[in-house]
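Here is what each chain is made of, one letter per residue.
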Amino acid sequence: QFRREIPEGLRQLPGPSAFPIIGNLIELGSKPYLSLTEMSKRFGDVFQIQIGMRPVVVLSGYETVKQALTKQGDDFAGRPDLYSFRFINDGKSLAFSTDQAGIWRARRKLAYSALRSFSSLNGKLPEYSCVLEEHICKEAEHLIKELQDVMTVEGKFEPFRYIVVSVANVICGMCFGRRYDHHDQELVGLVNLAEDFVKVTGSGNPADFIPALQHLPNKSMKKFVNINNRFNNFVQKLVTEHYATFDKDNIRDITDSLIDHCEDRKLDENSNIQMSDEKVVGIVNDLFGAGFDTISTGLSWAVMYLVSYPEVEERLFQEIKEQIGLDRTPTLADRNNLPLLESFILELFRHSSYLPFTIPHCSTKDTSLNGYFIPKDTCVFINQWQINHDPKLWKDPSSFLPDRFLNDDGTEVNKLEGEKVLIFGLGRRRCIGEVIARNEVFLFLAIIIQKLHFYKLPGEPVDMTPEYGLTMKHKRCYLGVSMRAKDDE
Ligand code: HEM
């Protein structure tokens with residue numbers, strides 16, 4: 001794609017000069033969220049870099065990103081055709097594929113309504129307000145037991161390894177109506193490979209932009225293809241079982257509801273969107289994939305912050321003790337009564353910014369932003385990390401200070417401040433799992449903080465340096481955990 005003539009009245013995008021063949025790959029480095037934040041100080045909220053031969057527009061600044069993704073939402077709602085995206089869900093992913101706007105919109109609507117109805121259904125037991133709450137409470141119970149067991153046997157535990165299974169079970173319950181044991185080799189093996197997936201899908205992966213690299217032997221790309229195949233086979237097996245036992249009068253879970261939708265569509269002569277059954281039922285693949293890695297990475301970071309800021313952990317425990325007590329398990333309805341926990345979650349999202357960029361976007365037509373011309377089909381990176389660390393928005397952005405979201409007497413969360421934290425994207429492509437995710441992170445944390453105390457172990461380093469990817473992970477490490485006594489002070 002070469003530079004086009006600029007329409008009258010618009011300016012050419014600023015940006016660093018690029019080397020032949022590699023473009024700005026070297027300046028991008030191994031932490032693109034930092035290098036592109038630095039560049040935004042020189043070139044402004046809208047600038048262009050080149051990765052390989054391909055121009056990429058980088059957006060920073062809350063107002064600019066809001067303008068692009070909400071006010072001019074349709075112009076920036078596309079996804080670029082990137083090499084690695086073709087392997088995800090056999091190229092049929094809702095989140096990563098280049099589906100035309102009509103098809104993507106129809107699939108997104110289906111995914112959203114399936115997710116909403118299968119999280120808010122009544123639970124099997126009357127003590128839970130909905131199935132989401134039921135799944136989380138039960139998984140938290142299993143998690144606590146697993147952690148007790150591993151502490152007894154090994155005296156230490158690795159947070160992501162256990163959290164990821166609990167979170168995967170919550171979304172598995174909604175998607176497939178089943179859960180897996182913490183020692184089930186198939187599930188544990190699969191979900192613990194998340195690092196190999198997110199490393200390749202992080203914005204700016206060289207193999208996505210430099211075709212020559214796609215033909216060279218590449219270890220991380222090989223692992224990526226392998227995990228996508230394993231993942232697809234895992235979901236496909238469950239989908240096949242669902243087709244075999246499908247009963248229209250007993251829709252058990254999200255997979256059944258998507259199969260049912262395909263059946264209904266065949267009877268509906270007015271249906272004008274042409275979509276294969278595979279593309280409909282394949283939605284469950286996206287929901288399962290997006291639903292476990294994002295939340296478990298967030299919870300794993302939460303545990304890292306708890307051990308690194310023990311005084312905050314203690315205040316969170318005291319808040320739960322005062323507001324809920326230690327005799328009953330927290331519920332979703334407690335969310336408004338735990339402002340410090342809510343602020344801790346917002347600060348964890350802001351400070352870690354563990355989704356530093358959204359999934360890359362793509363312009364759907366010739367457009368302009370802040371007076372700069374952006375041609376159709378330009379790849380666009382949204383730097384969420386920059387917004388979450390912008391000194392114009394945040395006082396002392398590099399410090400971890402949950403209290404920044406509390407009002408003066410600490411009794412309420414300042415909602416407007418909270419809305420400035422960008423981690424779910426904005427506008428047309430905004431995350432469809434946001435409500436579930438916020439509820440799930442809240443409830444898991446409320447339960448584990450009420451019941452457990454986490455701590456660092458001598459000789460076991462805790463490294464909070466994020467490893468770059470679509471979701472950024474902390475280095476795997478070992479921690480200690482103990483049960484809180486009922487009369488804990
Ligand atoms: C998209 C964040 C949990 C389903 C996204 C995007 C982000 C994001 C940044 C891309 C937005 C963009 O491209 O502009 C998160 C975070 C989560 C989370 C931080 C947890 C803390 C979930 C859950 C689900 C989910 C639980 C479903 C069960 C999706 C889907 C998309 C998406 C399907 C693609 C939307 C589209 O392309 O139209 N999420 N997400 N996410 N998310 Fe989430």
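Residues numbered from 1 in each chain as written. Predicted model: local features only at pLDDT ≥ 70, side-chain atom pairs only at ≥ 80, totals over all residues. Heavy atoms only, no water.

## Notes on helix H4 (residues 101–120)
And step 1. Compared with the 28 Å implied by 1.5 Å per residue over 20 residues, the 28 Å span of H4 between its first and last C-alpha is a close match.
And step 2. Along H4, the residues that are buried comprise Ile103, Trp104, Arg107, Arg108, Leu110, Ala111, Ala114, Leu115, Phe118 and Ser119. The arc enclosing the buried residues of H4, seen along the axis, measures out at 165°, which places them on a common side. Exposed positions of H4 whose direction lies more than 90 degrees from the buried face are Lys109 and Arg116. (Helix = DSSP H or I, 4+ residues; strand = E, 2+ residues; numbered from the N terminus. Expected span 1.5 Å × (residues − 1). Buried < 20%, exposed > 50% of the residue type's maximum accessible area, 1.4 Å probe, protein only. Arc of directions from axis to C-beta.)

## A look at the packing of helix H11 (residues 219–244) against helix H14 (residues 283–308)
And step 1. Interaxial distance between H11 and H14 falls to 10 Å at its minimum, and their mutual angle equals 125°. As the angle between them shows, H11 and H14 are arranged oblique. Where H11 crosses over H14, the handedness of that crossing is right-handed. Here Phe231, Asn232, Phe234, Val235 and Val239 of H11 come into contact with H14, specifically with Val284, Asn285, Phe288, Gly289 and Phe292. (Axes fitted to C-alpha atoms, helices over the stretch in contact; angles between N-to-C directions. Parallel < 35°, antiparallel > 145°, perpendicular 65-115°, else oblique. Left-handed = near helix turned anticlockwise from the far one by under 90°. Contact = heavy atoms within 4.5 Å.)

## A word on the nonpolar core
And step 1. The biggest cluster of nonpolar side chains holds 139 residues, and the ones touching the most others in it are Ile254, Phe288, Phe292, Leu341, Phe344, Leu445 and Phe454.
And step 2. Per-element tally for this core: the top contributor is H14, with 14 residues.
And step 3. Leave out the neighbours within four places in its chain, and Phe454 touches Leu147, Phe157, Val303, Leu306, Val307, Glu313, Ile448, Gly480 and Val481.
And step 4. Within the second largest apolar cluster, 17 residues are counted, among which are Val46, Ile374, Val380 and Leu422. (Core = buried A, V, L, I, M, F, W, Y, C linked by side-chain atoms within 4.5 Å.)

## Here's the deal with the site of the ligand
And step 1. The environment of the ligand is made up of 26 residues, and the closest members are Arg79, Arg108, His361, Arg429 and Cys431.
And step 2. Side-chain polar atom of Arg79 to an oxygen atom of the ligand: 2.9 Å apart, as the coordinates give it.
And step 3. Between the ligand and the protein, one listed contact pairs an oxygen atom with a side-chain N or O atom of Arg429 at 2.7 Å.
And step 4. Taken together, the elements giving at least two residues each to the shell around the ligand come down to H4 and H14.
And step 5. With five residues, H14 is the largest single contributor of residues to the shell around the ligand.
And step 6. Class assignment for the residues of the shell around the ligand results in 16 nonpolar, seven polar and three charged. (Near = heavy atom within 4 Å. Polar contact = N/O pair within 3.5 Å; in protein donor to acceptor, adjacent residues only side chain to side chain. Nonpolar A, V, L, I, M, F, W, Y, C, P; charged D, E, K, R; others polar.)

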